[in-house]
Amino acid sequence: MTRAGKALPDKQLPASHDSLAFGVPPSAPGTMYALVTSGGLAVPPREGRTILFGRNRPEVHVCIGEDDRHISRHHGRLVHRDEQWWVGNLGRRPIRLPGSRLLFAEEEPVPLTEGYTPLFIRGSGGREHLLELYVAGRDGQRRGASRDEATTPPRTWRLTTAERLALTALGQRYLRHEAGAQPLSRREAAACLDRLRPAEGWTFKRVEHLLLGVRGRLSRAGVPGLTRDEVGEPVGNSLNDNLFRELMVSTTLVPPDLDRLYEG
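Keep in mind that what you see is a predicted model, and the values were worked out from it rather than measured.

How each quantity is defined
Residues numbered from 1 in each chain as written. Predicted model: local features only at pLDDT ≥ 70, side-chain atom pairs only at ≥ 80, totals over all residues. Heavy atoms only, no water. Helix = DSSP H or I, 4+ residues; strand = E, 2+ residues; numbered from the N terminus. Buried < 20%, exposed > 50% of the residue type's maximum accessible area, 1.4 Å probe, protein only. Contact = heavy atoms within 4.5 Å. Polar contact = N/O pair within 3.5 Å; in protein donor to acceptor, adjacent residues only side chain to side chain. Pairing = 2+ DSSP bridges. Axes fitted to C-alpha atoms, helices over the stretch in contact; angles between N-to-C directions. pLDDT = per-residue confidence, 0-100. Phe/Tyr/Trp six-rings, centres within 6.5 Å; stacked < 30°, edge-to-face > 60°. Lys NZ or Arg CZ within 6 Å of the ring centre and 35° of its normal. Salt bridge = Lys/Arg side-chain N within 4 Å of Asp/Glu carboxyl O.

**Some points on the environment of Phe244**
Tracing the sequence through the fold places Phe244 in helix H6 (residues 238-249). For Phe244, a relative accessible area of 1% puts it in the buried group. C-alpha separation for the pair Phe244 and Leu159, spaced 85 residues apart in sequence, amounts to 13 Å. Excluding anything up to four places from it in sequence, Phe244 contacts Leu167, Leu170, Gly171, Tyr174, Pro183 and Leu253.

**A short note on the side chain of Ser250**
By the element assignment, Ser250 lies in the segment after H6. Look at Ser250 and you get buried, because its relative accessible area is 3%. In this structure the side chain of Ser250 is engaged in a polar contact, spanning 2.8 Å, whose partner is the backbone oxygen of Glu246. Of note is the side chain of Ser250, whose polar atom sits 3.3 Å from the backbone oxygen of Leu247.

**Brief notes about the pairing of strand E12 (residues 128-135)**
When you tally the buried positions in E12, you get eight out of eight residues, the bulk of the element. On E12, burial covers both faces: Glu128, Leu130, Glu132 and Tyr134 on one face and His129, Leu131, Leu133 and Val135 on the other are all buried. Bridge analysis of strand E11 (residues 115-122) against E12 gives eight bridges, and the strand direction is antiparallel. Residue pairing for E12: Arg122 is matched across the bridge by Glu128.

**A word on the environment of Glu83**
Examined against the element boundaries, Glu83 turns out to sit in the loop between strand E6 (76-81) and strand E7 (84-89). Contact partners of Glu83, with chain neighbours within four places excluded, come to Glu47 and Arg138.

**Describing unusual backbone geometry**
Although it is not a glycine, Asp82 sits at a positive phi angle of roughly 55°. As for its position among the elements, Asp82 is in the loop between E6 and E7. The exposure class of Asp82 is exposed, given its relative accessible area of 58%. Of note in this structure, Thr251 is not a glycine but carries a positive phi near 55°.

**Some details on the sheet that holds E11**
Here seven strands make up an open sheet; going across it, the order is E1-E3-E2-E12-E11-E8-E9 and the pairing antiparallel. The open sheet has two free edges, formed respectively by strand E1 (11-13) and strand E9 (101-103), since each of these has just one partner strand. Strand after strand, the sheet turns through a mean of 25° between neighbouring axes, direction not considered. Where E1 lies against strand E3 (residues 39-43), three bridges are found, and the strand directions are antiparallel. Residue pairing in the sheet places Leu13 in a bridge with Gly40 of E3.

**Considering the confidence of the model for the protein chain**
Mean pLDDT over the protein chain works out to 90, with 90% of the residues at or above the 70 mark. Taken as a whole, residues 1-5 scores under 50 in pLDDT and shows three contacts with residues more than four places along the chain or in a different chain. A low-confidence stretch, residues 142-150 (pLDDT under 50), is modelled with 16 contacts involving residues beyond four sequence positions or located in other chains.

**A closer look at the packing of aromatic side chains**
All told, the structure shown has one aromatic pair when counted by the stated rule. For the pair Tyr174 and Phe244, a centre-to-centre distance of 5.4 Å together with 20° between the ring planes defines the contact as stacked. Highlighted residues: Tyr174 in helix H2 (residues 172-175) and Phe244 in helix H6, separated in sequence by 70 residues. Seen from the ring of Tyr262, Arg127 lies directly overhead, with NZ or CZ sitting 4.2 Å from the centre.

**Describing the pattern of salt bridges**
The tally for this structure, following the rule as stated, stands at 14 salt bridges. Between Arg81 and Asp82 there is a salt bridge; the shortest N-O distance is 3.8 Å. Note that Asp259 is salt-bridged to Arg127, the shortest N-O span being 3.0 Å. In this pair, Asp259 sits in the segment after H6 while Arg127 sits in the loop between E11 and E12, placing the two residues 132 residues apart along the sequence. Bridged by salt links that share partners, the residues Arg96, Arg122, Glu128 and Arg176 form one connected network.

**With respect to the environment of Phe53**
Tracing the chain through its elements places Phe53 in strand E4 (residues 50-54). For Phe53 and Leu20, which are 33 residues apart along the polypeptide, the C-alpha to C-alpha distance reads 17 Å.

See the structure below:
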């Protein structure tokens, strides 16, 4: 509510809006941001306020999977009640929350915490449709920011287009916020990229070269846990797991990067 007692208006978010994983601008506490590839909106909190999402654009507030009949016309809704936002499933397919939790239509809505929450819905051909959510915290900004201090963004790392594609394929389980995520093998990532982008010559060697290049560059820049000497034997997946956790925490890779795999 404004000082005059009037409800704040909804705000439309353009398709060019940055991933919500980067945070949101100062907002009224409890403001819900919802974003898909075609845009979204920011909605101030109000008891009973409902946001519908699904593929039937004329009848929903956020259109997701518009050209994918595996997504329901009204697939889910966000409702503000008891000073909290809740997500419920109205569709035929489950909604996957972080930690690989599946939310089905017959289940009770799930409360959302402050900060960033990506939701995924499995579509046709194995495609995962992403709905990014962000609930503004009590200070109206990113979680952890002091009320009187500017938010300090994390240090992000520069990646070439090829590096980003290779790392997205390798780290797609992290980007989907799966429980116990581990990297794909280099052969699995190369096969995934070759299937989705066959004209670009993706091979095991190319993926390996790009992965090792990024890992070495970040290690030289001071990121710990990226060399055998640091982690000791047996190494296993430790080096790549440490790499992807750094790329995620630094928001160098964010869930919308998954869409790049399908753009070829």
